[in-house]
Amino acid sequence: QVQLVESGGGSVQAGESLTLSCVASGRDFSSYSMGWFRQTPGSEREFVAAKRWSEGATDYADSVRGRFPLFRDNAKNTVYLQMNNLNTEDTAVYFCAAASQYGGIRKPAWEYEHWGQGTQVTVSS
């Protein structure tokens, strides 16, 4: 059974940092891309970043590029989203997801097969 478990969310002040973790289990993810999305009430899930597990190629949304580096730890089957210089517009529920790595790195939400439960990030000014 595939499981993606996020952690690391919380409440911070603008300018501070948080690191989200996503532990993947239940299958071999070497042929997968791992993505992060975020969602606010009444909005669709928004792409944040994604990384191909095998060779590590990464893509970022323009809104987070340069602020939210995405790392992976193969030994721990874990991907990390390091969120730096947070601002109030980053407030959302953040979701980890897994999709086949074939095709582009950036995929729409509907192409992701597996999702975590989400973790809340709140940034106050």
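Located above this text is the structure these notes cover.
A quick note: this is a predicted structure, and the numbers were derived from the prediction, not measured. (Residues numbered from 1 in each chain as written. Predicted model: local features only at pLDDT ≥ 70, side-chain atom pairs only at ≥ 80, totals over all residues. Heavy atoms only, no water.)

## Some thoughts on the pairing of strand S5 (residues 46–52)
Logical step 1: Of all 7 residues making up S5, 6 are buried, and the element is well covered by its neighbours.
Logical step 2: Between the end of strand S4 (residues 32–39) and the start of S5, which pair antiparallel, lie 6 residues, with Gly42 showing a positive phi angle near 80 degrees.
Logical step 3: Here S5 pairs with strand S6 (residues 58–60) via 3 bridges, running antiparallel. For Ala49, the partnering residue across the bridge sits in S6 and is Tyr60.
Logical step 4: What sits between the antiparallel neighbours S5 and S6 is a turn of 5 residues, in which Gly56 has the positive phi angle 85 degrees. (Buried < 20%, exposed > 50% of the residue type's maximum accessible area, 1.4 Å probe, protein only. Helix = DSSP H or I, 4+ residues; strand = E, 2+ residues; numbered from the N terminus. Pairing = 2+ DSSP bridges.)

## Some words on the pattern of salt bridges
Logical step 1: In total, this model carries 7 salt bridges according to the counting rule given.
Logical step 2: Across the salt bridge formed by Arg38 and Asp90, the nearest N and O atoms sit 2.9 Å from each other. Here Arg38 is found in strand S4, whereas its partner Asp90 is found in the loop between strand S8 (78–83) and strand S9 (92–100), with 52 residues between them in sequence.
Logical step 3: Overall, the relative accessible area of 6% leaves Arg38 in the buried class. (Salt bridge = Lys/Arg side-chain N within 4 Å of Asp/Glu carboxyl O.)

## Thoughts on the nonpolar core
Logical step 1: In terms of nonpolar packing, the biggest core is built from 35 residues, with Met34, Trp36, Leu81, Met83 and Tyr94 touching the most fellow members.
Logical step 2: Secondary structure elements with two or more residues in this core: strand S3 (18–25), S4, S5, S8, S9 and strand S11 (119–124).
Logical step 3: The residues contacting Met83, other than those within four sequence positions of it, are Glu16, Ser17, Leu18, Leu20, Arg67, Phe68, Tyr94 and Val121. (Core = buried A, V, L, I, M, F, W, Y, C linked by side-chain atoms within 4.5 Å. Contact = heavy atoms within 4.5 Å.)

## Considerations on the side chain of Lys107
Logical step 1: You can see Lys107 is positioned in the loop between S9 and strand S10 (114–115).
Logical step 2: Of the side chains bearing the opposite charge, Glu111 lies closest to the buried Lys107, which forms no salt bridge; the N-O distance is 4.1 Å.
Logical step 3: Looking at Lys107, its side chain comes within polar contact range of the main-chain oxygen of Ser100, at 3.3 Å.
Logical step 4: Residues within four places of Lys107 in sequence aside, it is in contact with Phe37, Phe47, Ala99, Ser100, Gln101, Tyr102 and Tyr112. (Lys, Arg positive; Asp, Glu negative; His and termini not counted. Polar contact = N/O pair within 3.5 Å; in protein donor to acceptor, adjacent residues only side chain to side chain.)

## Comments concerning the packing of aromatic side chains
Logical step 1: Counted according to the given criterion, the structure contains 7 aromatic pairs.
Logical step 2: Geometrically, the ring pair formed by Phe29 and Trp53 is tilted, given 6.3 Å between the ring centres and 35 degrees between the ring planes. A residue pair is termed long-range when its members are at least 10 positions apart, and Phe29 in the loop between S3 and S4 and Trp53 in the loop between S5 and S6 qualify at 24 residues. Like Trp53, Phe29 is buried.
Logical step 3: Here a set of aromatic residues connected by ring pairs shows up, and it is made of Phe37, Phe47, Phe95, Tyr112 and Trp115.
Logical step 4: Geometry around Phe95 places Arg45 over its ring, the cationic atom sitting 3.7 Å from the centre.
Logical step 5: Residue placement shows Arg45 over the ring face of Trp115; its charged tip is 4.6 Å from the ring centre. (Phe/Tyr/Trp six-rings, centres within 6.5 Å; stacked < 30°, edge-to-face > 60°. Lys NZ or Arg CZ within 6 Å of the ring centre and 35° of its normal.)

## What to know about the state of the cysteines
Logical step 1: Taken as a whole and judged by the stated rule, the model has 1 disulfide.
Logical step 2: One disulfide in the model links Cys22 with Cys96; its S-S distance is 2.0 Å. Classification of the bridge connecting Cys22 and Cys96 rests on its S-S torsion, roughly -70 degrees, and on that basis the disulfide is left-handed. Residue Cys22 is located in strand S3, and its partner Cys96 is located in strand S9; the two are separated by 74 residues in the primary sequence. This pair shows no difference in class: Cys22 is buried, exactly as Cys96 is. (Disulfide = S-S within 2.5 Å.)

Nothing here speaks to function; it is geometry throughout.
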